[in-house]
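Residues per chain are reported as follows:
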Amino acid sequence: MFDPASVRTVFMGTPDFSVPFLMALVKAKFSVTGVITRPDKPRGRGQELSPSPVKAFAMEHGIPVETPKTLRDGTARALLASWSPLVIVVVAYGKILPPDILSLPPFGCVNVHASILPAFRGASPIVWAVRQGALESGVTLMLMDEGMDTGPVLDTLTFPLSPGETSETLSQRMMDLGPDFLVGGLTAYLKGMLKPVAQTGESSMAPLIRKEDGRLSFLTMTRGEVDRHVRSMNPWPGSFVESPFGVLRIYRGEPVDLSGKEGLPGEVIEVFAGGIVVGCKSGSYRILEIQRPGGRRLPVREFLSGTVIPPGVFLG
């Protein structure tokens, strides 16, 4: 009979996204002997050092946790070896694992990746799935190798994307559905019921999203591309555009058809309580939620009570 308490497990992860997966392993009674996460970072106005969400969880539950600055000087491997893991579970750790760590545990390093591999390999699969207009996404349980998300697949959980899907909502769906999927798939793998299968199909990359990637261009994007861009950049880094009123951040909107009344790309065509309509490379886009410099995210109705944006103004 399979006993998860006999499976010495090390968990590697860093952001909020990782926490429900670690929590699921703890609840399923896996023997989590240690946690590796990224070093503390300065946060907030005071820039005080704060632990990662995974470190905070581990500390609250009395799990040994370490934050090595590098995995490549032999120190991290020695630490991991002292915990004697049968398997290492990796969920959004944020660094590529070197060969000496990949080969350490008898059952290898099992990774939870937030896409249907081989699509959207890389650091930002959720953002790129929304930005590219993918019709479905999911979570892949894979055995890690030295490549960038190229290892053999153990199991995949798939689900369709809704028309209004944002990176925030998609991430939350994965955080809701993924932990049980991890526990079930890991258990089946350790019992010999799942065998690694090489990835097949066309691959695509999802490179790391940076703050500057939030820049929005009505000049070069169609209304559909603007819509996907805004949804993919929500909540971070947020879509932003220069304007006579400073840099405006756009968090929500929708493509619209003005039946031949579209203006020039970037031109504000209509302004009313229900939205600010802007021309795109083709078609138009209605802004529904916006933020001025130093202000809060506001529905357009509230935003317009403090900022006057006349038709004819250009954004970007």
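Placed above this text is the structure.
Keep in mind that this is a model prediction, so the values were computed, not measured. (Residues numbered from 1 in each chain as written. Predicted model: local features only at pLDDT ≥ 70, side-chain atom pairs only at ≥ 80, totals over all residues. Heavy atoms only, no water.)

Novice: What exactly am I supposed to notice about the nonpolar core here?
Specialist: A general tendency of soluble globular proteins is for nonpolar side chains to be buried together. With 48 residues, the main nonpolar core has F11, L25, V35 and L186 as its most contacted residues. Here this core takes ten residues from helix α6 (residues 167-190), the largest share from any one element. Those residues in contact with F11 that sit more than four places away from it in its chain are S18, F21, L22, L25, G34, V35, I36, V54, V89 and V91. (Core = buried A, V, L, I, M, F, W, Y, C linked by side-chain atoms within 4.5 Å. Buried < 20%, exposed > 50% of the residue type's maximum accessible area, 1.4 Å probe, protein only. Helix = DSSP H or I, 4+ residues; strand = E, 2+ residues; numbered from the N terminus. Contact = heavy atoms within 4.5 Å.)

Novice: Even after reading the chapter, I still don't get helix α2 (residues 53-60), so can you show me in this structure?
Specialist: The α-helix advances 3.6 residues per turn, and as a result positions three or four apart in sequence lie on the same side. Those residues of α2 not exposed but buried are V54, K55, F57 and A58. One side of α2 holds all its buried residues, which, seen down the axis, span an arc of 160 degrees. α2 presents M59 and E60 as exposed residues on the side facing more than 90 degrees away from its buried surface. Backbone geometry just after α2 places G62 at a positive phi near 70 degrees. (Arc of directions from axis to C-beta.)

Novice: Whenever I open this one, the sheet that holds strand β2 (residues 31-36) confuses me. Can you help?
Specialist: Strand pairing in a sheet relies on backbone hydrogen bonds, with the paired strands running either antiparallel or parallel. Read across the sheet, seven strands follow the order β5-β2-β1-β6-β7-β8-β9 without closing on themselves; strand pairing throughout is mixed. The two strands at the open ends of the sheet, each matched to only one other strand, are β5 (65-66) and β9 (153-160). With four bridges connecting them, strand β7 (residues 109-113) and strand β8 (residues 136-143) associate as antiparallel partners. The residue of β8 that forms the bridge with N111 is M142. Sheet strands touched by helix α1 (residues 19-27): β1 (8-13), β2, β6 (87-91) and β7. Its angle to β2, the strand with the most contacts, is close to 160 degrees. (Pairing = 2+ DSSP bridges. Axes fitted to C-alpha atoms, helices over the stretch in contact; angles between N-to-C directions.)

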